[in-house]
Every structure is written in structure tokens, then in C-alpha cells.
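Close look at the chain arrangement
The residues making up each chain are set out below.
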Amino acid sequence: MSDKHNLQLQESGDRLDQVLRQELRWEAPPDLSLRLLGLVPGLNPMVVIPRPKPWYSTVVLVLTAIAVGLSLAVAWQFYGMLGAEMGLSAIWDQLRAAPGLGLLRLYEALPASRNVVAVLVAVRDQLHWLLLAIVLWLALDGWQPRLSRRTVSQ
């Protein structure tokens, strides 16, 4: 019985293998192949792929931005109305007030926790400035002023 079961599993695996090979086969489009061949130095492709005119690209970009903006505005209105109907603004207000209430309860239960929280806030502030310094350092690390070289005649 086990030989028959193994044979059935092998046959089903072979069929699955065949289906996957057929479905996962991908051929590059000819224009992509030509573009890639164009990147090879010393090799000129037979067909030049035309690029869209700059005004066309600009129009497509503007229309896309308008469509995305309009979609976001409609979604904002829809979810705003839905949130107002469900009372999400009250829930949001409660969530914003929850950390303060939690700290007040912590201070009432453990008065010494004020000092711990003060130390954590000070560490957070210092880490904030450290993060800002790291970001500025990384941003300005590769920056070099462009000085024009002028020859001064003597």
C-alpha cells in the first residue's frame, strides 16, 4: 500500500511540477531586451525605442496627481463621515488622554515613579538631539562646497 501511495504522490508532484513550469515561464518583452542590449557598450540595437515627448509625460504626471488627490479627498470625506457616525472622535480623544491618566495613576500608586519618569524623559530628549545630530552629520557628510577656481594674476 505504501508503494502505491508513494507512486501517487510522485505522479501528483510531477503534474504539479509541469503546471508550475508552464505557468512560471516568463519571457522578457522585446523592447526590454532591446533596452538592455542598448546598455552594452559597443553594441547598437537595431530598433530605437521612442520616448514620450516631455509635454506628454508632464500631462500624465499632472493627471495622475489630480486623480490621487481626488481619491484621497473622497476617502477622507467618507472615512470622516463614517468616523463621526460611529463616534470615533470620542474614542480618539480617550486614547489621547489615556497616557496622561496612566501616569497619574502610576504617580498615585508609586510616588517614587515620578523620578524614574523624569529620568526617562531626560534620556528621551537627549536621544532626540543625538538623533538630530546624526541625521545632520549624515546629510552634510558628503557635502563639499563648490568653490570656483579663479586664477589671480600677480
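Residues numbered from 1 in each chain as written. Predicted model: local features only at pLDDT ≥ 70, side-chain atom pairs only at ≥ 80, totals over all residues. Heavy atoms only, no water.

Quick look at the overall build of the chain
Heads up, the condition is: Secondary structure elements follow DSSP: runs of H or I no shorter than four residues count as helices, runs of E no shorter than two count as strands, and numbering proceeds from the N terminus. Each residue's exposure class comes from its accessible area (1.4 Å probe, protein chains only) as a fraction of the maximum for that residue type: buried when under 20%, exposed when over 50%, partly exposed otherwise. A 1.4 Å probe and the Shrake-Rupley method give the accessible areas. Residues count as covered only by the protein chains that appear here.
A count of helices and strands for the chain gives 5 helices and 0 strands. Its helices and strands in sequence order give the chain the pattern α-α-α-α-α, from N to C terminus. Considering the chain as a whole, with its 154 residues, one finds that 3% of them fall into the buried category. A total of about 15,200 Å² of accessible surface is found on the chain, and carbon and sulfur atoms cover 66% of it.

Some points on a nonpolar patch on the surface
Using the following cut-off: Patches were defined on residues exceeding 30% relative accessible area and lacking a salt bridge, with like-charge contacts within 9 Å and nonpolar side-chain contacts (Val, Leu, Ile, Met, Phe, Trp, Tyr) within 5 Å. For salt bridges, the criterion is a side-chain nitrogen of Lys or Arg within 4 Å of an Asp or Glu carboxyl oxygen.
A cluster of nonpolar residues, F78, Y79, M81, L82, M86, L88, I91, W92 and L95, forms a patch on the protein surface that exposes about 990 Å² of accessible area. For the nonpolar patch, the secondary structure elements donating two or more residues are helix 3 (54-86) and helix 4 (88-109). Per-element accounting of the nonpolar patch gives the leading share, 5 residues, to helix 3. Structurally, M81 is set in helix 3. The exposed category is assigned to M81, whose relative accessible area is 54%.

Brief notes about the confidence of the model for the chain
Here is the rule we go by: Known as pLDDT, the predictor's confidence for each residue is given on a scale from 0 to 100.
Mean pLDDT over the chain: 83, with 81% of residues reaching 70 or higher. Looking at the elements of the chain, mean pLDDT is at its lowest for helix 1 (residues 2-23), recorded as 71, and at its highest for helix 3, recorded as 94.

What about the environment of Y107?
Test applied: Residue contacts are counted whenever heavy atoms from the two residues lie within 4.5 Å of one another.
With respect to the helices and strands, the residue Y107 is situated in helix 4. Judged by relative accessible area, which is 17%, Y107 ranks as buried. Along the primary structure Y107 and V117 are separated by 10 residues, whereas in three dimensions their C-alpha atoms are 9.6 Å apart. Setting aside residues up to four positions removed in sequence, Y107 forms contacts with S113, R114 and V117.

Describing the pattern of salt bridges
Taken as a whole, this structure holds 3 salt bridges when the rule is applied. Between R96 and D93 there is a salt bridge, with the nearest N and O atoms lying 2.7 Å from each other. Of this pair, R96 and D93 are both found in helix 4, 3 residues apart, which corresponds to roughly one turn of the helix. Look at D93 and you get partly exposed, because its relative accessible area is 41%. A salt bridge links R124 to D125, with the shortest nitrogen-to-oxygen separation between them at 3.3 Å. The exposure class assigned to R124 is exposed, which follows from its relative accessible area of 53%.

Topic: the side chain of S113
Turning to its location among the elements, S113 is positioned in helix 5 (residues 113-141). For S113, the contacting residues outside a window of four places in its chain are L106 and Y107.

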